[in-house]
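Each chain is listed here by its residues.
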Amino acid sequence: MTPPSLHGLADWLRAEFGEREPLKRGGPPQVQRLALALEPADLPPEVDADALFVHRSLRVGERWPGLGVLGVHDGFDLALTTGPNHRLARALGWRDVREVVWKGELKGITATPPQDSWAGLRAALHAELGGEDSSWPPAPGPEPLRLALMNAMNPGLIEHVAAGGVRVYLTGQLRPQRLRRPRLTVWA
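To start, this report covers the structure provided alongside it.

What counts, and at which threshold
- The residue numbering used here restarts from 1 in each chain and proceeds along that chain's sequence as written.
- It should be noted that, the model being predicted, local features are given only for residues of pLDDT at least 70 and side-chain atom pairs only at 80 or more, the latter also being counted only at that level, while totals for whole chains, interfaces and linings use all residues.
- To obtain the side-chain values, all non-hydrogen atoms of the structure were used and water was disregarded.
- Secondary structure elements follow DSSP: runs of H or I no shorter than four residues count as helices, runs of E no shorter than two count as strands, and numbering proceeds from the N terminus.
- To sort residues, take the accessible area from a 1.4 Å probe on protein chains only and compare it with the maximum for the residue type: under 20% means buried, over 50% means exposed, and anything in between is partly exposed.
- Working definition of accessibility: Shrake-Rupley area with a 1.4 Å probe, residue cover restricted to the visible protein chains.
- When charges are counted, Lys and Arg are positive and Asp and Glu negative, with His and the chain ends excluded.
- Note on charges: their place is set at NZ of Lys, CZ of Arg, CG of Asp or CD of Glu.
- Here a helix's expected span is defined as the number of its residues, less one, multiplied by 1.5 Å.
- An arc is given here, and it is the one of the directions from the helix axis to the C-beta atoms.
- Residues enter a nonpolar core if they are buried and are Ala, Val, Leu, Ile, Met, Phe, Trp, Tyr or Cys, with the set joined through side-chain atoms within 4.5 Å.
- Contact definition: two residues touch when any of their heavy atoms are within 4.5 Å.
- When DSSP locates at least two bridges between a pair of strands, those strands are taken to pair.
- Only residues whose relative accessible area exceeds 30% and that form no salt bridge enter a patch; like-charged residues are grouped when within 9 Å of one another, and nonpolar side chains (Val, Leu, Ile, Met, Phe, Trp, Tyr) when within 5 Å.
- One speaks of a salt bridge when a side-chain nitrogen belonging to Lys or Arg is within 4 Å of a carboxyl oxygen belonging to Asp or Glu.

### Quick word on the overall build of the protein chain
Part 1 of the reasoning: Per the secondary structure count, the protein chain includes 5 helices and 9 strands.
Part 2 of the reasoning: For the protein chain, the succession of helices and strands along the chain, N to C, is α-β-β-β-β-α-α-β-β-α-β-α-β-β.
Part 3 of the reasoning: Viewed in the frame of its principal axes, the protein chain has a C-alpha envelope of about 60 × 35 × 30 Å.
Part 4 of the reasoning: For the protein chain, buried positions account for 45% of its 188 residues.
Part 5 of the reasoning: Only carbon and sulfur atoms are counted for the fraction: they give 53% of the accessible area of the protein chain, which is about 10500 Å².
Part 6 of the reasoning: Across the protein chain, the centroid of the 22 positively charged side chains sits 7 Å from that of the 21 negatively charged ones.

This is the structure we're talking about:
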């Protein structure tokens, strides 16, 4: 089997995620080994690969000379991480999925999980995602669990989704300084 080409991978990323310029730096034409990382800081000083895929590729700079660099930020966030990840919503059987637009930008989705308890929702999230960094249970209430899967976190956005009945806020990276009033659960 012929290994994919660096330009072929870039074309696929462009088509799949809508990234205008996924090839950030040229490298070997064929890619037999592709290293993956969210941030350049996640990579060791020496990488045994032909190319790098770095989600946040802006800080790669001149490190790892000779390796091709591919990167997709917004499209990757939209499709595969926190935010409006409809694939994850389908995989977890979430219902009544609605996109959250805040200040003119798509920031995530809200949904109703099939689980009716925090323990059940947390177990489903653990099974799908493999764990958590931190979480707090939502305040008890008679209404069904409603959650937000978001790619941003600030007090205004939290208040925005809470006003829509959200009791659980799922995000990729908890920044405690962004919480003013923890009225809902934050899963980071």
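The structure having been displayed, the exposition proceeds.
### A word on helix α4 (residues 118-129)
One turn of the α-helix equals 3.6 residues, which is why residues spaced by three or four share an orientation.
Part 1 of the reasoning: Given a rise of 1.5 Å per residue, 12 residues ought to cover 16 Å, and the 16 Å separating the end C-alpha atoms of α4 matches this to within 8%.
Part 2 of the reasoning: Within the span of α4, buried status applies to W118, L121, A124 and L125. Buried residues along α4 cover an arc of 130° about the axis, so they all sit on one side. What points out from α4, more than 90 degrees from its buried face, is the exposed set A119 and A127.
Part 3 of the reasoning: Directly beyond the C-terminal end of α4, a positive phi value near 85° is found at G130.

### What to know about the nonpolar core
Part 1 of the reasoning: The biggest cluster of nonpolar side chains holds 14 residues, and the ones touching the most others in it are W94, L121, L125, L147, L149, V168 and L170.
Part 2 of the reasoning: Listing elements by their share of this core, those giving two or more residues are α3 (86-91), β6 (105-112), α4, β7 (147-150) and β8 (168-171).
Part 3 of the reasoning: Among the elements that line this core, the one with the most residues is α4, at 3 residues.
Part 4 of the reasoning: Residues contacting L121, with those up to four places away along its chain left out, are P113, Q115, L145, L147 and V168.
Part 5 of the reasoning: Within the second largest apolar cluster, 12 residues are counted, among which are L6, V31, F53 and F76.

### Some points on the pairing of strand β5 (residues 95-102)
Part 1 of the reasoning: In this structure, β5 lies alongside β6, joined through 6 bridges in antiparallel fashion. Pairing of W102 across the sheet is with E105, part of β6.
Part 2 of the reasoning: Remark: 2 residues form the turn of the hairpin made by β5 and β6, two consecutive strands paired antiparallel; K103 in that turn has positive phi of roughly 55°.

### Observations regarding a nonpolar patch on the surface
Part 1 of the reasoning: On the surface, a cluster of nonpolar side chains totalling about 220 Å² of accessible area is made up of L78, V101 and L106.
Part 2 of the reasoning: Along the chain, L78 falls in helix α2 (residues 74-80).

### Quick look at the pattern of salt bridges
Close approach of charged atoms allows side chains of opposite charge to pair.
Part 1 of the reasoning: Within this structure, the stated rule accounts for 11 salt bridges.
Part 2 of the reasoning: The closest approach of N and O atoms between R87 and E16, which form a salt bridge, is 2.8 Å. Of this pair, R87 sits in helix α3 while E16 sits in helix α1 (residues 6-17); the two residues are 71 residues apart in sequence, bridging distant segments of the chain.
Part 3 of the reasoning: Taking the relative accessible area as the measure of exposure, R87 reaches 38% and is therefore partly exposed.
Part 4 of the reasoning: With a relative accessible area of 37%, E16 lands in the partly exposed category.
Part 5 of the reasoning: Across the pair E143 and R167 runs a salt bridge whose closest N-O atoms are separated by 3.6 Å.

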